[in-house]
Amino acid sequence: MKSYIDIENGVVPSVCSLDCPDQCGLLIHKEEGKIVKVTGDPDHPITKGNICNKVRNMGERIYDQKRVKTPLKRVGEKGEGKFVPISWDEAIDTITTKWNNLIEEEGPESILPYSFYGNMGNLSAEGMDRRFFSRLGSSQLDRTICSAAGSVGYSYTMGGSFGTDPEDTTETKLFILWGINAVSTNMHQITIAQKARKNGAKMVVIDVHKNQTGRMADWFIPIFPGTDGALALGLMHILYKENLVDRKFLAEYTVGSDELEKHIEQYHPQMVSEITGVPVDDIYKLARMYGTTSPSLIRIGNGLQHHDNGGMITRTIVCLPALVGQWLVKGGGAVKSNSGFLEFNKQALQRPDLQKTKTRTINMNQIGKALLETKDPIRSLFIYSSNPAVVAPEANKVREGLARQDLFTVVHDLFLTETAMYADIVLPATSAFENTDFYTCYWHNHIHLHEPVIGPYGESKSNTEVFRLLAKALGFEEQALKDNDEELIKQALSDLSNPFLPDLTYEKLKEQRYIKASNTNNFLNYLNTPSGKIELYSKKMEQDGYSPLPTYTPLVEEEDYPFLFVPGPNHNFLNSTFSNNEKHIKLEKEPKLFMNQQDADLRGIENGTTVRIWNDRGECELTVSVGDHVLPGVVVSQGLWSDMPGKKQLVNALTPDRAADMGGGAAFFSGRVDVEAIGKDSTV
Ligand SMILES: Nc1nc2c(c(=O)[nH]1)N[C@H]1C(S)=C(S)[C@@H](COP(=O)(O)OP(=O)(O)OC[C@H]3O[C@@H](n4cnc5c(=O)[nH]c(N)nc54)[C@H](O)[C@@H]3O)O[C@H]1N2
Ligand SMILES: Nc1nc2c(c(=O)[nH]1)N[C@H]1C(S)=C(S)[C@@H](COP(=O)(O)OP(=O)(O)OC[C@H]3O[C@@H](n4cnc5c(=O)[nH]c(N)nc54)[C@H](O)[C@@H]3O)O[C@H]1N2
Ligand code: SF4
Ligand SMILES: [Mo]
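What you see is a predicted model, and the numbers here were worked out from it, not measured in a lab. (Residues numbered from 1 in each chain as written. Chains lettered and ligands numbered in written order. Predicted model: local features only at pLDDT ≥ 70, side-chain atom pairs only at ≥ 80, totals over all residues. Heavy atoms only, no water.)

Observations concerning the nonpolar core
To be explicit about the condition: Think of a nonpolar core as a cluster: buried Ala, Val, Leu, Ile, Met, Phe, Trp, Tyr and Cys residues, connected wherever their side-chain atoms sit within 4.5 Å. For every residue, the accessible area (1.4 Å probe, protein chains only) is compared with the maximum for its type, and the residue is labelled buried under 20%, exposed over 50%, or partly exposed between those bounds. A helix here means a DSSP run of H or I that spans at least four residues, while a strand means a run of E at least two residues long, and both kinds are numbered starting from the N terminus. When checking whether two residues touch, look at their non-hydrogen atoms; a contact exists if any pair is within 4.5 Å.
With 158 residues, the main nonpolar core has Trp99, Phe132, Trp178, Trp327, Phe382 and Val675 as its most contacted residues. Looking at this core element by element, the count peaks at nine residues for helix H10 (residues 228–241). Apart from residues lying up to four places away in sequence, tryptophan 178 is in contact with Ile206, Asp228, Leu231, Ala232, Leu235, Ile298, Arg299, Ile300, Gly301, Leu304, Ile317 and Leu320. Listed in part, the 23 residues of the second largest apolar core include Val12, Cys20, Val38 and Ile454.

Okay, structure coming up:
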């Protein structure tokens, strides 16, 4: 069969590679060998031909003149952006010569990989790179920046990343979107909910910001940041008190219900109201609604997981469906991440056995701090599929670290990102459309094979190819570092012990393109908690130093700045991806700071005022939007914006790099700031 690359004119299948729960099926329309249009694949079982505006415009990103076409070598100062093209041979030789010296003088742990999921393909994101850095014996990276805290918290209760099949939620009667801006970040869950609403379903949104999603809710519940655990405990209090719990389900499928019932006595709605800012009557109303509506789905978002207490909040909220027995109801339960259903053979793909000695592990949320550490310093960074100069917390520390003269930095990306500006060597990366890979969705339970639809842009190379080249140049002989992409996929799908993926083979996947995990509604029978049941009381948590029962823990008390600052993502960028595209910037207009009218009045700030936002970590300048979008004492921004001349819009200059309560997770949304007016911008 002709490869899709060779099809000059026609429509070929693809899948979205971005870090987004929807993982849409795509159709790539080609003319004269080039992509002219990207549309949704109507045959995809859940995304059904609808895709977001971002990816409809993906062709522009693929052929953007700003794409890096050849390897580059820095000739100016770090951060200045002066590079000259070099050959791949020179690039690989420069990197490996430097690394060989470092290994000899300071040991391989002086080298650190830094990556995230700029491309969700499993080979690209966590395949050959893992093999390579294990074999190299470099320091390891703990990839905690997204949902680490919540994943650990969720697992204490549920034993892993297993939840409701979103395809079953068409009949759901109550959607609670909790800390998720789903209109922007999970559009197909909204499509399903909108259909269900026509049949009488209700949509409740619990958020610190009345954004796109809050505005479309039947009921928007504003809450103070980081207090959701208390709200969940208040709901439990009422559910038990008013006997709205499913005692049969609790007895059969959970441990600790009796302990929990006693424990939640203390979370009286009055107290919960004081903590959360949610009126007592509303707490009762929500508890009764939740206790009497079926099926009900809680969609748990990342907003909760970017707080100091994000692990405990998630652990607590996900106890709720068990209290009302919703896990046995089709379309009932909760979804945070369903990645457990598509767990493949990670050992076979990543080959951790190639690592001969144990090395240190660095939490990616503390990359700035790590780069400024003078004892056993990091001397070389290899950054791929991520843009830490913009996305990592304590951005000023990150940039100070990246600017170190004695740090040898390689960046592999499609663009000269803010991070790449600090590189010694830049390597051009292929886009996902140019690669072979396989994708496992963390929302809708489908696995997709991807075959390249166009050839590599310029001289760009895929992640797997770059690591094969580096391994060869370093003289690593292991076959595992030579395997091609097809072999990597076959290995990842070999000896699967996952009960939800029976009989999956590469051949089947190639034939069918996407395959759904089966029997997922039966996951209560496979719970991987120590007791094999849903753990309302967790001995494991106690052993790990947490309260064994769901408990409200407040945010870390920071310096005495008046506002909690919640800088989330926006609609038209994907983290910092697309923030360098004119069309997307135009749609977003400018970075704003949402502020309550009361707070604005006190400070003489009006709509459109440019403000300075600052704390001990740094400052930035945004334009204020005044209203009732947020509660007093809270300010919210949206979007991880690119550097622009004369603008200070790096929100992560303000965010803390301390680890959340679980999993070393990020605490982007738990920092405090002050705000003052510096001028009026008439464009708003
Ligand atoms: N368009 C678009 N889509 C994306 C992304 C993007 O950048 N743009 N990023 C992708 C990635 S990597 C991820 S992880 C997801 C993230 O997408 P989501 O899961 O939606 O997470 P966030 O947008 O970070 O935050 C969600 C909501 O939580 C609210 N929030 C913050 N703190 C609290 C709190 O304490 N309590 C409550 N109840 N709400 C709170 C915020 O106001 C926000 O509305 O989206 C993915 N999809
Ligand atoms: N203030 C604040 N900060 C945040 C967040 C927030 O809500 N608020 N969200 C956090 C979250 S949830 C996440 S997940 C992180 C995301 O942070 P990142 O993972 O850094 O995501 P992006 O900014 O999208 O950068 C991905 C980069 O990978 C590149 N890329 C794409 N495909 C490939 C490929 O195949 N190979 C190579 N080598 N490169 C490729 C892209 O061009 C892009 O530059 O940001 C975090 N930072
Ligand atoms: S970013 Fe999300 S919604 Fe947009 S096409 Fe990709 S998977 Fe679909
Ligand atoms: Mo994320």
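So that's the structure; there's more coming.
A short note on the pairing of strand S19 (residues 446–450)
We apply this condition: When DSSP finds two or more bridges between a pair of strands, those strands are recorded as paired.
Counting buried residues in S19 gives five out of five residues, a clear majority hidden from the surface. Of the two faces of S19, the one carrying His446, His448 and His450 and the one carrying Ile447 and Leu449 are both buried. Pairing between strand S18 (residues 437–440) and S19: four bridges, direction antiparallel. Each residue of the ladder has a partner; that of tyrosine 439, found in S19, is histidine 448.

Focus: the sheet that holds S18
Just so we agree on the cut-off: In this analysis, axes come from line fits to C-alpha atoms, helices being fitted only over the stretch in contact, and the angle between any two N-to-C directions falls in the range 0 to 180 degrees.
Reading across the sheet, the three strands line up as S18-S19-S20 and stay open at both edges, with antiparallel pairing between neighbours. Each edge of the open sheet carries a strand with a single partner, namely S18 and strand S20 (514–516). On average, each strand axis in the sheet is inclined to that of its neighbour by 15 degrees, with strand direction left out of account. Pairing between S19 and S20: three bridges, direction antiparallel. In the strand pairing of S20, histidine 446 is matched with lysine 516.

A look at the site of ligand 2
Definition in use: We define proximity as follows: a residue is near a molecule or strand when any one of its heavy atoms falls within 4 Å of that partner. Distance and chemistry together define a polar contact, namely a pair of N or O atoms within 3.5 Å, with one atom able to donate a hydrogen and the other to accept it when in protein, and with adjacent residues in sequence counting only for side-chain atoms on both sides. Per-residue accessibility takes into account occlusion by the displayed protein chains alone, with areas from the Shrake-Rupley method and a 1.4 Å probe. The residue classification treats Ala, Val, Leu, Ile, Met, Phe, Trp, Tyr, Cys and Pro as nonpolar and Asp, Glu, Lys and Arg as charged. All others, Gly included, are polar. Note that domain bounds follow an automatic or database assignment of domains.
Around ligand 2 there are 33 residues in total, and Asp413, Asn463, Pro567, Ser576 and Thr577 lie nearest to it. In the model, a nitrogen atom of ligand 2 is placed 2.7 Å from a nitrogen or oxygen of the asparagine 463 side chain. Here ligand 2 loses 96% of its free accessible area of 920 Å² to cover by the protein chains. Tallied by class, residues from the shell around ligand 2 come to 14 nonpolar, 16 polar and three charged. Both domains that furnish three or more residues to the shell around ligand 2 are identified here as domain 2 (72–144 + 342–437 + 453–500) and domain 4 (563–680).

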